[in-house]
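Descriptive structure summary
Listed below, chain by chain, are the residues.
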Amino acid sequence: MSASPIRRRVTVLGSTGSVGCSTLDLMAQAEAAGSAAFEVEALTGGANVGRLVEQALRWRPGVAVIADERLIEDLRDALRGTGIEAAAGDEAVVEAASRPADFRMAAIVGAAGLRSTWAAASGAGVLALANKESLVCCGPQLLARVKANGGCLVPVDSEHSAIFQVFPADRPESVAKLVLTASGGPFRTTPLDRMRAITPAQAVAHPNWSMGAKISVDSATMANKGLETIEAAYLFDMPGDRIDVVVHPESIIHSMVEYVDGSTLAQMGPPDMKTPIACALSWPGRLAWPAPKLDLPALGRLTFEAPDLDRFQALSLARQALAAGGWAPTIFNAANEMAAYAFLDRRLGFLNIAAVVAETLERASGTEIDAGVGDACDMALAVDRRARELAEAVIVDLAVAA
């Protein structure tokens, strides 16, 4: 007897981005396979109004929101007569995140996604978290908010999804260590003296994963693995010194959990973001879709190596921020985001991305950063704004020195 189809009422925050598009593609494939049926409550996009319109016409959400308020008339014109509400602006994105749903995908990249993720955590159901910055900036408070509202946070990053699937939540004391795997990005073996001339086009050409530009830069610097280390510490209540990173170029083992008895459990699969999305979308069940399968004989072998911390200084900086505690992880995230976008805009050299983060953390340590008052989200955003100001000053100083 076949299982009953999984049914979910879904909101996708950041539907026009890489993870958002993969989520909707997966939903279509699962519906075509007869394993699921979805009702879409809300879709939100940043500035790609054409893609948002296409998605809205396909899924017929209650509301479609474009964050860029200048595009509201384009959205309204395209959706006129469809019965789909059109809205625009950051507040409309937050309102969409607050709507009742069984499943909310938080896939808005960067600190821009923090407020909507915080709003999404106010309801029951599954909060699928692809916005790693939300955890980095106010992880303990976000997790407490989800729990207090009867929800369940399921990570969508492939590494945290892997750990989530094999982590004994009822027996955390049986875990000795978490091991995050990293592809090493496109410059794992590039001589350091050649890395100064790396271009944005080279940095976003990831060898294994199809991702957005900023996330691809983070992978190239391994800042992403630093952010993921901070996330893992919060998600699984694990001290930083019990979280290791290992470079695994094939990206087949997505992460591992080492137990106190010496056993290590690994989650494996082809490098496809739809797999961790499927895990979240159907949690605690499993979703049947035309998933790519592993061909172990064809793989031949899997390789591992320690990360080169001279090459990937961002990883060490993230560990320092985690150890420092307080707002240091928030400052790390803000400085890295500013530096990554400055690199993409050709205002900053590739090797100076880590230099900006290091100097911003140094300047922040000697500056009283006022978090203001309000909830954890408001305070994190206040620190984020001040850290960005510091990071921009560092970027300008480096440009002058060059």
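Throughout what follows, the structure given in this document is the object of discussion. The model shown is predicted, which means the values in this text are computed figures rather than measured ones. (Residues numbered from 1 in each chain as written. Predicted model: local features only at pLDDT ≥ 70, side-chain atom pairs only at ≥ 80, totals over all residues. Heavy atoms only, no water.)

**Examining unusual backbone geometry**
For clarity, the cut-off: Numbering of helices and strands runs from the N terminus, with a helix taken as a DSSP run of H or I at least four residues long and a strand as a DSSP run of E at least two residues long.
Here the bond from tryptophan 283 into proline 284 is cis, since omega is 10°, no more than 30 degrees from zero. Among the secondary structure elements, proline 284 is positioned in the loop between helix 12 (274–282) and helix 13 (296–299).

**Quick word on the sheet that holds strand 11 (residues 264–268)**
As a reminder of what qualifies: Here a strand pair is declared whenever DSSP counts at least two bridges between the two strands. Angles shown run from 0 to 180 degrees and are taken between the N-to-C directions of axes, each axis being a line fitted to C-alpha atoms and, for helices, limited to the stretch in contact. In what follows, residue pairs with any heavy atoms lying within 4.5 Å of each other are defined as contacts.
Spatial strand order, 9-8-10-11: four strands in an open sheet with mixed pairing. Each having just a single partner strand, strand 9 (243–247) and strand 11 make up the two edges of the open sheet. Along the sheet, successive strands turn relative to each other by an average axial angle of 20°, direction set aside. Here five bridges tie strand 8 (residues 175–182) to strand 10 (residues 253–259), and the two strands are oriented antiparallel to one another. Within the sheet, the bridge partner assigned to leucine 180 lies in strand 10 and is serine 255. Across the sheet, helix 7 (residues 158–166) touches strand 8, strand 10 and strand 11, and the angle it forms with strand 10 is around 40°.

**Focus on helix 1 (residues 18–32)**
Inclusion rule: One fewer than the residue count of a helix, multiplied by 1.5 Å, yields its expected span. The rule is simple: take the accessible area with a 1.4 Å probe, protein chains only, and divide by the maximum for that residue type; under 20% is buried, over 50% is exposed, in between is partly exposed.
Taking 1.5 Å as the rise per residue, helix 1 with 15 residues should run 21 Å; its terminal C-alpha atoms sit 21 Å apart, in good agreement. Along helix 1, the residues classified as buried are Val19, Gly20, Cys21, Ser22, Thr23, Leu24, Leu26, Met27 and Ala30. Residues of helix 1 that are buried sit in contact with strand 1 (6–13), strand 2 (36–45), helix 2 (49–59), strand 5 (103–106) and helix 12. At the C-terminal side of helix 1, glycine 34 shows a positive phi close to 75°.

**Some thoughts on the nonpolar core**
Quick reminder of the rule: Working definition of a nonpolar core: buried Ala, Val, Leu, Ile, Met, Phe, Trp, Tyr and Cys residues. They are joined through side-chain atoms within 4.5 Å.
In terms of nonpolar packing, the biggest core is built from 127 residues, with Met105, Leu178 and Phe350 touching the most fellow members. Broken down by element, this core gets its largest block of residues, 10 residues, from helix 17 (residues 376–401).

**As for the environment of proline 307**
Tracing the sequence through the fold places proline 307 in the loop between helix 13 and helix 14 (313–324). Considering only alpha carbons, one finds proline 307 and tryptophan 118, 189 residues apart in sequence, at a separation of 33 Å. The contacts of proline 307, once residues within four sequence positions are left out, are Met222, Val245, Val246, Val247 and Leu315.

**Topic: the side chain of glutamate 337**
By the element assignment, glutamate 337 lies in helix 15 (residues 328–344). Beyond its immediate chain neighbours, meaning those up to four positions away, glutamate 337 contacts Gly110, Ala111, Glu133, Lys214 and Arg388.

**Re the pattern of salt bridges**
Stated formally: Just to be clear on terms, a salt bridge is a Lys or Arg side-chain nitrogen sitting within 4 Å of an Asp or Glu carboxyl oxygen.
Evaluation of the coordinates by the stated rule reveals 27 salt bridges. The salt bridge involving arginine 115 is made with glutamate 91; its shortest N-O contact spans 2.9 Å. You can see arginine 115 sitting in helix 5 (residues 114–120) and its partner glutamate 91 sitting in helix 4 (residues 90–98), a full 24 residues away along the chain. When its relative accessible area of 31% is taken as the criterion, arginine 115 is described as partly exposed. The closest approach of N and O atoms between glutamate 389 and arginine 386, which form a salt bridge, is 3.0 Å. Taken together, the residues span about one helical turn, with glutamate 389 and arginine 386 both in helix 17 at a distance of three residues. The partly exposed category is assigned to arginine 386, whose relative accessible area is 30%.

**So, helix 2**
This is how it is decided: Arc definition: it is the arc formed by the directions from the helix axis to the C-beta atoms.
Taken together, the buried positions of helix 2 are Val49, Leu52, Val53, Gln55, Ala56 and Trp59. Each buried residue of helix 2 lies within a common arc of 165° when the element is viewed along its axis, so the set occupies one face. Turning to helix 2, the residues buried within the fold contact helix 1, strand 2, strand 3 (63–66) and helix 3 (72–79). Just downstream of helix 2 lies arginine 60, where phi reads positive at about 50°.

**Describing the sheet that holds strand 7 (residues 151–155)**
Pairing is parallel across the open sheet formed by seven strands, whose spatial order is 4-3-2-1-5-6-7. This sheet does not close on itself; its edge strands, each paired only once, are strand 4 (85–88) and strand 7. Strand-to-strand twist in this sheet, taken as the mean axis angle between neighbours without regard to direction, amounts to 25°. Contacting strand 1, strand 2, strand 3, strand 4 and strand 5, helix 4 crosses the sheet at an angle of about 145° to strand 3.

**Some words on the packing of helix 11 (residues 223–235) against helix 15**
Relative orientation and spacing of two packed helices are given, respectively, by the angle between their axes and the distance between those axes. This is how it is decided: Each angle gets one of four labels, with under 35 degrees taken as roughly parallel, over 145 as roughly antiparallel, 65 to 115 as roughly perpendicular, and the rest as oblique. Crossing handedness follows the turn of the near helix against the far one: under a right angle anticlockwise gives a left-handed crossing, and clockwise gives a right-handed one. All residues other than Ala, Val, Leu, Ile, Met, Phe, Trp, Tyr, Cys, Pro, Asp, Glu, Lys and Arg, Gly among them, are scored as polar; the first ten of these are nonpolar and the last four charged.
Contact pair helix 11 / helix 15: the axes reach a minimum separation of 11 Å and the direction vectors enclose 155°. When the interaxial angle is binned, helix 11 and helix 15 end up roughly antiparallel. Relative to helix 15, the crossing made by helix 11 is left-handed. Side by side, helix 11 and helix 15 meet where Ala223, Leu227, Ile230 and Tyr234 of the first sit next to Pro329, Phe332, Asn333 and Asn336 of the second. Of the residues contributing to the contact of helix 11 with helix 15, the split by class is six nonpolar, two polar and no charged.

**Here we look at the state of the cysteines**
Put simply, the rule reads: We call a pair of cysteine sulfur atoms a disulfide whenever their separation is within 2.5 Å.
For the coordinates displayed, the defined rule picks out zero disulfides. Between cysteine 152, a free cysteine, and cysteine 279, which holds the nearest cysteine sulfur, the sulfur-to-sulfur gap is 9.7 Å.

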